[in-house]
Amino acid sequence: MNQLVQKGPPEPPEPPEPGTPRRGRPPKVEATGRTNDPERTMADILEVAMREFADKGLAGARIDVIAEAMRTSKRMIYYYFGSKEGLYIAVLEEAYRRMRAIEADLHLEDLPPEDALRKLVGFTLDYQRAHPEFIRLVMTENIHRGEYLRRSSGIQELNVPAIQGLRSVYERGVAAGVFRAGLDPVDLHMSISALSVFNIANRHTFSLIFERDFDAPESIVARRDSVIEMIVRFVRR
């Protein structure tokens, strides 16, 4: 007598090789319904992965931890991002994309050159302090000497608006006789970034060595004002 054989749910597909385009439908392994909205699923994965990579670096981060936090499977993550390295690169791109998107809404063109520069420097300081994960990710990638970011096809395009915006502010200031001529916008951008990042990247060691609380509200305000003034005085004619 023939017996009825009950079949379980189909196995999700094997993860593609790194760089392999996604084909077919995503694996139906989630109980949360995220697969009905692939863009939302990818955004949620990136959010969790950003914390994991920022906390533990590329080597220490684990895909199974990300999958557990997402209540999904590793295969789902591999389906969307191809590999651990592919997910890491996507996280780096997303970290830069978030910062540049907010920069684009500062409307610096509506302000006089010096006010615009002060607003841009202040924003950079505030953003770095509010998002230390961005600094940790960039530090991790610099440990790898830019090996993975080099594989990104869009990282330069993501960062072009940052230089264009600063160049526009600087050139308006030069034309108005407010800023001195001869400065390189990329070099100026690096100086702003350096003064913004160091406050966060080295605050724990500095606090320990010099026995000062650099996270105290008054210290944050004083340092913010000092950095803005340093940049403006450097650029001012």
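Structural notes, computed from the coordinates.

Cut-offs used in this document
Residues numbered from 1 in each chain as written. Predicted model: local features only at pLDDT ≥ 70, side-chain atom pairs only at ≥ 80, totals over all residues. Heavy atoms only, no water. Helix = DSSP H or I, 4+ residues; strand = E, 2+ residues; numbered from the N terminus. Expected span 1.5 Å × (residues − 1). Bend = angle between axes of the 7 residues up to and from the residue. Phe/Tyr/Trp six-rings, centres within 6.5 Å; stacked < 30°, edge-to-face > 60°. Lys NZ or Arg CZ within 6 Å of the ring centre and 35° of its normal. Axes fitted to C-alpha atoms, helices over the stretch in contact; angles between N-to-C directions. Parallel < 35°, antiparallel > 145°, perpendicular 65-115°, else oblique. Left-handed = near helix turned anticlockwise from the far one by under 90°. Contact = heavy atoms within 4.5 Å. Nonpolar A, V, L, I, M, F, W, Y, C, P; charged D, E, K, R; others polar. Core = buried A, V, L, I, M, F, W, Y, C linked by side-chain atoms within 4.5 Å. Buried < 20%, exposed > 50% of the residue type's maximum accessible area, 1.4 Å probe, protein only. Salt bridge = Lys/Arg side-chain N within 4 Å of Asp/Glu carboxyl O.

**Some words on helix α1 (residues 38–60)**
Line of reasoning, step 1. The first and last C-alpha atoms of α1 sit only 27 Å apart over 23 residues, clearly below the 33 Å expected at 1.5 Å per residue.
Line of reasoning, step 2. Ala 54 marks the point of greatest bend in α1, at about 80 degrees.

**Describing the packing of aromatic side chains**
Two numbers describe a pair of aromatic rings. These are the distance of the centres and the angle of the planes.
Line of reasoning, step 1. In total, this model carries 10 aromatic pairs according to the counting rule given.
Line of reasoning, step 2. Put simply, the rings of Tyr 96, Phe 123, Tyr 127 and Phe 134 pair up and form one aromatic cluster.
Line of reasoning, step 3. The ring of Phe 234 has Arg 180 sitting right over it, with the charged end atom 4.7 Å from the ring centre.

**Things to note about the packing of α1 against helix α2 (residues 63–70)**
Helix packing for two helices is described by the angle between their axes and how far apart those axes are.
Line of reasoning, step 1. At a minimum axis distance of 10 Å, the contact between α1 and α2 shows a crossing angle of 135 degrees. By the angle between their axes, α1 is oblique relative to α2. Note that α1 runs across α2; the crossing there is right-handed. Listed contacts from α2 to Thr 41, Asp 44, Ile 45, Val 48, Ala 49, Glu 52 and Lys 56 of α1 are Val 65, Ile 66, Ala 69 and Met 70.
Line of reasoning, step 2. The residue makeup of the contact of α1 with α2, split by class, is seven nonpolar, one polar and three charged.

**Some thoughts on the nonpolar core**
Line of reasoning, step 1. Ranked by size, the top nonpolar core spans 55 residues in total, and within it Phe 53, Phe 81, Leu 87 and Leu 117 carry the most contacts.
Line of reasoning, step 2. The contacts of Leu 87, once residues within four sequence positions are left out, are Ile 45, Leu 46, Ala 49, Phe 53, Ile 63, Ile 66, Ile 77 and Phe 81.

**Description of the pattern of salt bridges**
Line of reasoning, step 1. Inspection of every chain in the model, using the stated rule, returns 16 salt bridges.
Line of reasoning, step 2. Residue Asp 55 is joined to Arg 136 by a salt bridge in which the shortest nitrogen-to-oxygen separation is 3.4 Å. One end of the pair, Asp 55, is in helix α1; the other, Arg 136, is in helix α6 (residues 132–143), and 81 residues separate them in sequence.
Line of reasoning, step 3. Looking at Asp 55, the relative accessible area reads 57%, which means it is exposed.
Line of reasoning, step 4. Two residues, Glu 103 and Arg 100, come together in a salt bridge whose shortest N-O distance is 3.0 Å. Taken together, the positions of Glu 103 and Arg 100, both in helix α4 (residues 84–103) and three residues apart, correspond to about one turn of that helix.

**Structural notes on the environment of Gly 122**
Line of reasoning, step 1. As for its placement among the helices and strands, Gly 122 is situated in helix α5 (residues 113–130).
Line of reasoning, step 2. Sequence spacing of Gly 122 and Val 227 is 105 residues, and the spatial spacing of their C-alpha atoms is 8.5 Å.

**Comments concerning helix α10 (residues 217–235)**
Line of reasoning, step 1. Taking 1.5 Å per residue as the helical rise, α10 with its 19 residues ought to reach 27 Å, and the 28 Å between its terminal C-alpha atoms agrees with that figure.
Line of reasoning, step 2. Listing the buried residues of α10 in full gives Ser 219, Val 227, Ile 228, Ile 231, Val 232 and Val 235.
Line of reasoning, step 3. Close packing links the buried residues of α10 with α5, α7 (155–175) and α8 (185–201).

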